[in-house]
Amino acid sequence: MNVARAGGMYMASTPEDPRAAEGEPKSARSGGLSRWPRYEQATLGFREHWYPAARSFDLKRDPRGVKLLGEELVLVRDGGRVYTLEDRCAHRGIPLSAGRREFPCTVSCAYHGWTYSLESGELVAALTDGPDSAIVGRVRLRTYPAIERQGMVWVYIGDRPAPPIDDELPPDLLQSTYTGVRVRDFLGNWRIAMEGAVDPSHAFYLHRTALLSRTFDLPASRGRHWPEVEDGRYFTYRTEPPTPEAQYPGLGLWPRKRWWQRFRTLKGLSVRAFLPCASRVSGLVFTEPFVVFSWYVPIDASHYRWFQVLATQATGLRRLWAVAKYHLWLKLMYQREFLDQDATMNELAHPFYADGSGWSKERLFRPDSVIVAWRRFADERARGVQEAHGTVPAAQEAP
Amino acid sequence: MNVARAGGMYMASTPEDPRAAEGEPKSARSGGLSRWPRYEQATLGFREHWYPAARSFDLKRDPRGVKLLGEELVLVRDGGRVYTLEDRCAHRGIPLSAGRREFPCTVSCAYHGWTYSLESGELVAALTDGPDSAIVGRVRLRTYPAIERQGMVWVYIGDRPAPPIDDELPPDLLQSTYTGVRVRDFLGNWRIAMEGAVDPSHAFYLHRTALLSRTFDLPASRGRHWPEVEDGRYFTYRTEPPTPEAQYPGLGLWPRKRWWQRFRTLKGLSVRAFLPCASRVSGLVFTEPFVVFSWYVPIDASHYRWFQVLATQATGLRRLWAVAKYHLWLKLMYQREFLDQDATMNELAHPFYADGSGWSKERLFRPDSVIVAWRRFADERARGVQEAHGTVPAAQEAP
Amino acid sequence: MNVARAGGMYMASTPEDPRAAEGEPKSARSGGLSRWPRYEQATLGFREHWYPAARSFDLKRDPRGVKLLGEELVLVRDGGRVYTLEDRCAHRGIPLSAGRREFPCTVSCAYHGWTYSLESGELVAALTDGPDSAIVGRVRLRTYPAIERQGMVWVYIGDRPAPPIDDELPPDLLQSTYTGVRVRDFLGNWRIAMEGAVDPSHAFYLHRTALLSRTFDLPASRGRHWPEVEDGRYFTYRTEPPTPEAQYPGLGLWPRKRWWQRFRTLKGLSVRAFLPCASRVSGLVFTEPFVVFSWYVPIDASHYRWFQVLATQATGLRRLWAVAKYHLWLKLMYQREFLDQDATMNELAHPFYADGSGWSKERLFRPDSVIVAWRRFADERARGVQEAHGTVPAAQEAP
Ligand code: FES
Ligand code: FES
Ligand code: FES
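Along each chain, numbering runs from 1 in the same order as the chain's sequence is written. Here the convention is simple: chains get letters from A, ligands get numbers from 1, in the order in which they are written. It should be noted that, the model being predicted, local features are given only for residues of pLDDT at least 70 and side-chain atom pairs only at 80 or more, the latter also being counted only at that level, while totals for whole chains, interfaces and linings use all residues. Remark: hydrogens and water are excluded; side-chain values derive from all non-hydrogen atoms of the structure.

**Examining the overall build of chain A**
Applied cut-off: Each helix corresponds to a stretch of at least 4 residues labelled H or I by DSSP, and each strand to a stretch of at least 2 residues labelled E; elements are numbered beginning at the N terminus. A simple rule labels every residue: compare its accessible area, found with a 1.4 Å probe on the protein chains alone, to the largest value its type can have, and call it buried under 20%, exposed over 50%, or partly exposed in between. Calculation of accessible area relied on Shrake-Rupley with a 1.4 Å probe; when residues are assessed, cover is drawn exclusively from the protein chains displayed.
The helix and strand inventory of chain A stands at nine helices and 25 strands. The proportion of buried residues among the 399 residues of chain A is 60%. Split by element, the accessible area of chain A, about 15,400 Å² in all, is 53% carbon and sulfur.

Listed below in structure tokens is the structure:
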């Protein structure tokens with residue numbers, strides 16, 4: 001798919017769209033119909049994709065429960081590999097994340113010792129019923145493809161065969177020599193968080209008060225934005241050059257800059273988004289030599305787990321310097337102070353969208369053409385939509 | 001409306017009502033029909049009235065969010081005035097109470113800098129879209145009439161033109177020279193709290209254990225009560241003289257008083273109630289020279305904000321003495337210990353009424369003729385009933 | 001009823017049941033129909049039975065509110081007896097557990113002093129309305145039979161005449177010379193807790209990590225179980241001798257015991273269950289000379305109150321020794337560390353059963369024949385099923 005076609009199909013703010021030229025993208029609903037129906041249904045995220053599930057560092061010997069897209073999973077590290085199963089014993093529903101390790105390549109439920117193969121999910125022993133237990137081999141838990149890359153455990157949520165993870169992750173993440181990863185759960189739906197990542201306008205307003213941006217010359221505004229698709233899978237956009245200051249009718253000049261803000265200009269920011277729920281920001285001068293990846297992983301309808309990954313390809317002394325900068329500076333000033341401003345907005349916007357009313361009541365303006373284009377991009381390209389957890393099948397009778 | 005007519009219309013315990021003479025007011029439901037249908041619907045309060053929204057003292061430079069009658073509002077102080085808007089940015093739903101002050105007479109949303117006129121609620125700038133933004137002037141937030149009086153911010157919740165606040169507030173509040181205001185949120189519906197304020201019987205039982213009333217000669221009971229309307233808008237009642245002690249058949253003499261309680265008698269208490277949700281108590285000897293006003297403002301169906309206002313018209317040395325008494329004594333012993341006993345009852349009665357069953361299951365007795373009369377008074381005279389928050393309109397397209 | 005007949009009727013794992021012989025009891029649903037419909041409905045417990053409501057020790061002079069089977073009760077100690085009433089004043093719904101004691105054999109509501117007879121529940125005075133109050137004698141609260149036995153207050157929840165408590169409690173509890181009672185509320189439905197009590201398999205797995213069982217030779221498994229009925233009212237079971245260790249195909253020998261675990265064997269455990277929600281465990285060597293009773297009393301659909309009663313019939317020096325052992329050892333090591341392992345499982349299994357799906361999705365195995373038999377025992381013999389609290393009648397008009 002080339003850029004032009006992509007633009008023609010779902011990019012709302014191209015000059016061809018007269019309404020966008022007026023500065024106002026079409027709203028989500030038109031005559032009661034959603035313009036991105038799959039996206040609007042994807043409260044719990046998109047199926048048939050790889051997701052980060054935990055930092056490798058946080059997965060030690062004990063099984064670890066995680067909730068992803070409304071599904072309860074257990075991660076188990078064994079013999080250098082990571083396995084993932086549904087986190088509910090088929091017997092009487094106890095989470096296996098409360099379980100024990102009795103034999104290699106198995107996990108045993110804490111209650112009555114039902115013992116499952118990590119590889120196949122099959123019940124290989126029911127310890128309290130003896131070796132002749134008739135239930136063995138007749139029960140199987142769902143397993144999930146899992147793998148480790150760049151300090152994180154990745155899990156595939158879907159029913160079709162998982163594509164190779166290395167085809168799915170961005171090459172510059174795979175090639176990085178160091179990653180500084182912060183993970184935290186926040187209140188809000190993952191889509192609002194994801195839209196904050198592609199949103200081109202809040203950066204010059206919300207983050208004005210962050211210490212990191214206080215010394216920079218932040219522009220008043222940017223004019224138009226042209227969404228594009230790169231490499232057939234990254235959503236991105238070009239922009240007009242920013243307006244440094246402007247005279248607002250009836251209000252006055254804005255912004256009023258301090259003299260020391262005139263020395264450094266923030267520019268060259270490049271934002272990409274990609275499925276299922278990720279963004280990549282480069283050119284953010286104060287994070288260099290790091291590129292910033294984010295995954296906004298759906299936990300349930302009202303919570304997302306934000307994986308903030310600062311990745312560098314620097315080597316030697318430059319790598320050392322990057323590691324020091326990460327620990328002394330970026331962890332606190334960027335991942336915490338700066339990015340938590342975004343998290344606060346996502347939390348504050350949550351009630352508006354949580355009851356469904358936000359999708360029809362929101363009033364979009366010119367910069368939101370990027371958000372509209374992202375929604376259509378995701379709506380069109382996501383492989384599947386996650387349904388409410390009622391659809392997660394119970395433990396299977398082994399064939 | 002004169003007293004006689006009021007009595008005839010909704011006062012249940014006048015001698016003409018034979019059932020009331022037997023001591024038992026009619027229950028709320030008669031053949032499944034409510035006798036005060038609008039009052040019973042007014043879970044979220046009455047519309048088209050002025051309400052206290054905050055203490056002036058608590059509204060500083062920053063916008064302040066408050067919930068009133070289920071509606072989210074933001075209060076903003078600017079140039080000596082207070083403005084009130086709906087607390088939700090039309091763009092993507094962020095509360096304006098999280099916002100900033102960029103220009104006089106405006107408030108700017110924290111996320112993308114949409115800037116609203118405090119006076120009209122109109123969008124006057126979209127800072128991140130530049131001065132030529134096409135959305136400006138096409139969006140307007142709802143505004144609410146707001147004004148300050150006697151150390152409090154008052155807001156009019158309604159759709160009709162707001163009547164002058166000075167015609168609505170009691171003259172002796174408006175003329176007071178000092179007010180001691182305590183504000184706290186409590187669990188329970190506002191109506192139960194309000195009924196506690198007019199309830200003539202609990203004072204001589206519930207508050208017996210409050211330190212403030214321990215030294216007083218509290219009577220056993222009062223006989224009949226005659227509800228009345230004063231000045232065409234205050235609900236009040238007259239009572240029979242109290243019975244100091246009484247012999248209860250099969251139980252004995254009650255109350256058993258200590259010798260020191262014989263010296264001081266509590267009498268002359270006068271209680272008024274007025275719409276939308278207020279009471280005035282005078283003649284409470286231990287609060288003098290203060291008159292006690294209370295507003296039981298609905299926050300949502302299960303919470304009310306109690307404005308406890310001790311108002312005095314004393315001047316000079318007497319005023320000084322009143323201020324000292326308030327801070328040294330009444331704040332702790334009356335507003336906290338004494339009035340919190342009422343709040344506890346309102347919280348304990350909440351489950352009974354919250355599911356609707358209390359309105360039909362309650363068993364009223366003779367003193368409740370006052371409560372019954374208050375319900376009918378409010379039912380008949382309240383200007384409007386607040387519906388659930390679904391009816392609060394979204395941001396308007398400016399005409 | 002003799003054992004044989006009981007076995008024939010509802011014991012799923014007798015040799016006659018070919019499926020049970022294969023090790024797998026029939027699941028709860030067969031063609032959509034429950035095999036123990038009353039048991040499955042009994043989310044709030046069984047009616048027409050006696051329940052422990054509090055430790056005698058915890059019921060002092062003040063009224064005490066307890067929730068049992070979804071009903072709110074108040075316990076009042078007066079003149080050496082305990083009385084139980086519904087915990088809601090008929091007037092305006094305030095709990096009587098917030099009330100006061102004004103006269104012997106009565107309790108008075110904190111709000112307006114309505115005073116009820118503890119014996120009959122009848123309103124005997126309305127203190128704030130004087131001795132001539134017309135409401136007196138016209139209102140009556142529901143009362144519940146209550147009695148003290150062995151350091152606990154017992155209450156009968158039902159509508160039929162209560163059978164004598166001494167016919168209902170196990171003789172060896174009634175004859176005990178000392179009881180060590182721990183009471184705690186836990187998350188989970190009472191039935192899952194009760195099933196944990198009769199469950200013959202978890203003891204040899206879950207409790208392996210408890211300090212108390214670390215020095216014991218715990219077997220790998222037991223084979224078959226034969227449920228029985230004793231004395232016409234106790235549900236119990238016989239078992240095959242345990243397998244000390246076993247070779248599990250593809251996995252290896254299990255359990256791997258420490259040398260010092262070879263010296264002491266846990267055997268001779270005898271478990272009984274009885275209605276409405278109780279178990280009795282004897283032969284647990286480390287609790288001797290105590291027999292362990294448990295009541296898993298339904299509080300609401302998601303909480304149970306576990307009465308853990310260690311009862312001994314020892315006298316003289318042996319009794320002294322038992323008391324010391326209880327306080328120095330069993331309170332902490334057994335009631336707390338050991339039994340809290342069960343409570344944790346009940347909590348972890350709760351989501352699986354709470355939405356109703358567990359009853360049809362659970363996959364039972366050979367040892368669960370005991371649980372299946374218990375369910376059928378309870379389903380068949382429980383006197384009544386508690387409905388949701390909407391059915392608890394409101395205060396009655398006295399006849
Ligand atoms: S619940 Fe897992 S083994 Fe029984
Ligand atoms: S949400 Fe208020 S400006 Fe965007
Ligand atoms: S609520 Fe109990 S006496 Fe009024």
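Moving on from the coordinates now.
**Examining helix H9 (residues 369-381) of chain C**
As a reminder of what qualifies: Multiplying one less than the number of residues by 1.5 Å gives the expected span of a helix.
Its 13 residues place the ends of H9 of chain C 18 Å apart at the C-alpha level, agreeing with the 18 Å of an ideal helix rising 1.5 Å per residue. Taken together, the buried positions of H9 of chain C are Ser369, Val370, Ile371, Val372, Ala373, Trp374, Arg375, Phe377, Ala378 and Asp379 of chain C.

**Here's the deal with the interface of chain B and chain A**
As a measure of interface size, the accessible area lost when the parts come together is often cited. Quick note on the threshold: Contacts between residues were defined by any pair of non-hydrogen atoms, one from each residue, lying within 4.5 Å. Accessible surface is computed with a 1.4 Å probe, and the buried area is the amount of it that two parts give up when combined, taken over both parts together. The salt bridge criterion pairs a side-chain nitrogen of Lys or Arg with a carboxyl oxygen of Asp or Glu, the two atoms within 4 Å. Each residue is assigned to one of three groups, with Ala, Val, Leu, Ile, Met, Phe, Trp, Tyr, Cys and Pro labelled nonpolar, Asp, Glu, Lys and Arg labelled charged, and all others, Gly among them, labelled polar.
Facing 36 residues of chain B, the contacting portion of chain A comprises 41 residues. Of all residues in chain B, the largest losses of buried area upon contact with chain A belong to Arg92, Tyr111 and Thr128 of chain B, amounting jointly to 24% of the total for that side. Our count for the chain B to chain A interface comes out at four salt bridges. As a salt-bridge pair, arginine 92 of chain B and glutamate 362 of chain A come within 3.8 Å of each other at their nearest N and O atoms. Those elements that provide at least two residues to the side of chain B that touches chain A are strand E8 (106-108), strand E10 (123-126) and strand E25 (396-397) of chain B. Top contributing element to the side of chain B that touches chain A by residue count: E10 of chain B, with three residues. Taken together, the residues of the side of chain B that touches chain A break down into 18 nonpolar, 10 polar and eight charged.

**Notes on the relation of the copies chain B and chain A**
For clarity, the threshold we go by: Overlaid copies result from least-squares superposition on C-alpha atoms, with residues included only where pLDDT is at least 70 in both.
After a rotation of 120 degrees and a shift along the axis of 0.0 Å, chain B superposes on chain A with an RMSD of 0.1 Å. Interpreted geometrically, this transformation is the action of a three-fold axis.

**Quick word on the packing of aromatic side chains**
All names here are of chain B. The condition that has to hold: Pairs were defined over the aromatic rings of Phe, Tyr and Trp, the Trp ring being its six-membered one, requiring ring centres within 6.5 Å. Orientation was assigned from the angle between planes: stacked under 30 degrees, edge-to-face over 60, tilted for the rest.
Evaluation of the coordinates by the stated rule reveals 84 aromatic pairs over all chains. For the ring pair phenylalanine 216 and phenylalanine 286, a centre distance of 5.6 Å and an interplane angle of 65 degrees mean the geometry is edge-to-face. Remark: phenylalanine 286 occurs in the loop between strand E21 (278-282) and strand E22 (291-300) and phenylalanine 216 occurs in the loop between helix H6 (190-198) and strand E16 (225-230); sequence separation between them is 70 residues. Both residues of the pair, phenylalanine 216 and phenylalanine 286, count as buried.

**Describing the interface of chain A and chain C**
Formally: Residues adjacent in sequence count toward polar contacts only when both atoms are side-chain atoms; beyond that, a polar contact is any pair of N or O atoms within 3.5 Å, and within protein one must be able to donate a hydrogen and the other to accept it.
In this assembly, 36 residues from chain A lie in contact with 41 residues from chain C. Between chain A and chain C lies a buried interface of about 3,200 Å² when both sides are counted; carbon and sulfur atoms form 56% of it. Looking only at chain A, the three residues that lose the most surface to chain C are Arg92, Tyr111 and Thr128 of chain A, adding up to 24% of its buried area. Between the two partners, chain A and chain C, sit four salt bridges. With a closest N to O distance of 2.4 Å, arginine 92 of chain A and glutamate 195 of chain C form a salt bridge. Applying the counting criterion to the chain A and chain C interface returns 14 residue pairs in polar contact (both at pLDDT 80 or more). Contributing elements (two or more residues each) for the side of chain A that touches chain C: strand E8 (106-108), strand E10 (123-126) and strand E25 (396-397) of chain A. At three residues, the largest contribution of residues to the side of chain A that touches chain C is made by E10 of chain A.

**As for the pairing of E16 of chain B**
Residue and element names in this part refer to chain B. As a reminder, the rule being used: Strands qualify as paired when DSSP identifies two bridges or more between them.
For E16, the buried fraction is high: five of the six residues fall into the buried class. Here E16 runs beside strand E17 (residues 234-239); their pairing, made up of six bridges, is antiparallel. The partner of glutamate 228 across the bridge, within E17, is threonine 236. The antiparallel hairpin formed by E16 and E17 contains three residues in its connecting segment, where aspartate 231 sits at a positive phi of about 50 degrees.

**Structural notes on the sheet that holds strand E15 (residues 178-187) of chain C**
Sheet strands pair via backbone hydrogen bonds, and the direction of the pair is either parallel or antiparallel. Residue and element names in this part refer to chain C. Where we set the bar: Orientation is described by lines fitted to C-alpha atoms, with helices fitted over the stretch in contact, and by angles between N-to-C directions that extend from 0 to 180 degrees.
Spatial ordering of the open sheet is given by E15-E23-E22-E21-E20-E17-E16, a layout of seven strands whose pairing is antiparallel. Every interior strand has two partners, whereas the edge strands, E15 and strand E16 (225-230), have only one. Neighbour-to-neighbour, the strand axes of the sheet open up by a mean angle of 20 degrees, direction not taken into account. Lying over the sheet, helix H7 (residues 316-354) contacts E15, strand E22 (291-300) and strand E23 (303-312), oriented at roughly 20 degrees with respect to E15.

**Quick notes on the side chain of arginine 191 of chain A**
The following threshold applies: Charge counting follows a simple rule: Lys and Arg are positive, Asp and Glu are negative, and His as well as the terminal groups are ignored.
The topology assignment puts arginine 191 of chain A in helix H6 (residues 190-198). Comment: no salt bridge for buried arginine 191 of chain A; closest opposite-charge side chain is glutamate 195 of chain A, at 6.2 Å.

**Digging into unusual backbone geometry**
Between tryptophan 254 of chain B and proline 255 of chain B the backbone carries a cis peptide bond, its omega angle lying at -5 degrees. Take proline 255 of chain B: it is sitting in the loop between strand E19 (252-254) and strand E20 (270-274). One non-glycine residue, leucine 69 of chain A, lies in positive phi territory at about 50 degrees. With respect to the secondary-structure elements, leucine 69 of chain A resides in the loop between strand E5 (64-68) and strand E6 (71-78). Even without being glycine, glutamine 150 of chain C reaches a positive phi, approximately 50 degrees. Position of glutamine 150 of chain C relative to the elements: it lies in the loop between strand E13 (146-149) and strand E14 (152-157).

**Description of helix H6 (residues 190-198) of chain C**
For H6 of chain C, the tally of buried residues reaches nine of nine residues, placing the bulk of the element in the interior. Among all positions in H6 of chain C, only Trp190, Arg191, Ile192, Ala193, Met194, Glu195, Gly196, Ala197 and Val198 of chain C are buried.

**What to know about the sheet that holds strand E4 (residues 49-55) of chain C**
Residue and element names in this part refer to chain C. Pairing in this open sheet of three strands is antiparallel, and the strands run E4-E14-E13 from one edge to the other. The open sheet terminates on both sides in strands that have one partner only, identified here as E4 and E13. The mean inter-strand angle of the sheet, taken between neighbouring strand axes irrespective of direction, is 35 degrees. For E13 and E14, the ladder comprises four bridges, and the chain directions are antiparallel. By the bridge assignment, alanine 146 is partnered in E14 with valine 155.

**A closer look at a nonpolar patch on the surface**
Residue and element names in this part refer to chain A. Our working rule: Patch members must show over 30% relative accessible area and no salt bridge, and they are joined within 9 Å when carrying like charges or within 5 Å when they are nonpolar side chains of Val, Leu, Ile, Met, Phe, Trp or Tyr.
A cluster of nonpolar side chains, namely Trp259, Trp260 and Phe263, defines an oily patch on the protein surface of about 430 Å² accessible area. Inspection of the secondary structure puts tryptophan 260 in the loop between strand E19 (252-254) and strand E20 (270-274). Taking relative accessible area as the criterion, tryptophan 260 reaches 34% and is therefore assigned partly exposed.

**Description of the pairing of E22 of chain B**
Residues and elements named next belong to chain B. Counted residue by residue, E22 has nine buried out of 10 residues, so it is predominantly covered. In the sheet, E21 pairs with E22 via four bridges, with the strands oriented antiparallel. Bridge pairing in E22 places alanine 278 opposite tryptophan 295.

**Regarding the pattern of salt bridges**
Residue and element names in this part refer to chain C. The tally for this structure, following the rule as stated, stands at 72 salt bridges over all chains. Residue arginine 305 pairs with aspartate 185 through a salt bridge whose shortest N-O separation is 2.7 Å. One end of the pair, arginine 305, is in strand E23; the other, aspartate 185, is in strand E15, with 120 residues separating them in the sequence. Overall, aspartate 185 belongs to the partly exposed group, its relative accessible area being 39%.

**Section: the packing of H6 of chain B against helix H9 (residues 369-381) of chain B**
All names here are of chain B. Put simply, the test is: In these notes the angle categories are as follows: under 35 degrees is roughly parallel, over 145 is roughly antiparallel, 65 to 115 is roughly perpendicular, and the rest is oblique. Crossing handedness is read from the near helix: turned anticlockwise from the far helix by less than a right angle, it gives a left-handed crossing, and turned clockwise, a right-handed one.
Two numbers describe how H6 lies on H9: the axes approach to 9 Å, and their chain directions differ by 125 degrees. One way to sum up the angle between H6 and H9 is to call them oblique. By crossing handedness, the relation of H6 to H9 is classed as right-handed. Only Val370, Ile371, Trp374 and Arg375 of H9 make contact with H6, whose side of the interface consists of Met194, Glu195 and Val198. Classifying every residue of the contact of H6 with H9 gives five nonpolar, no polar and two charged.

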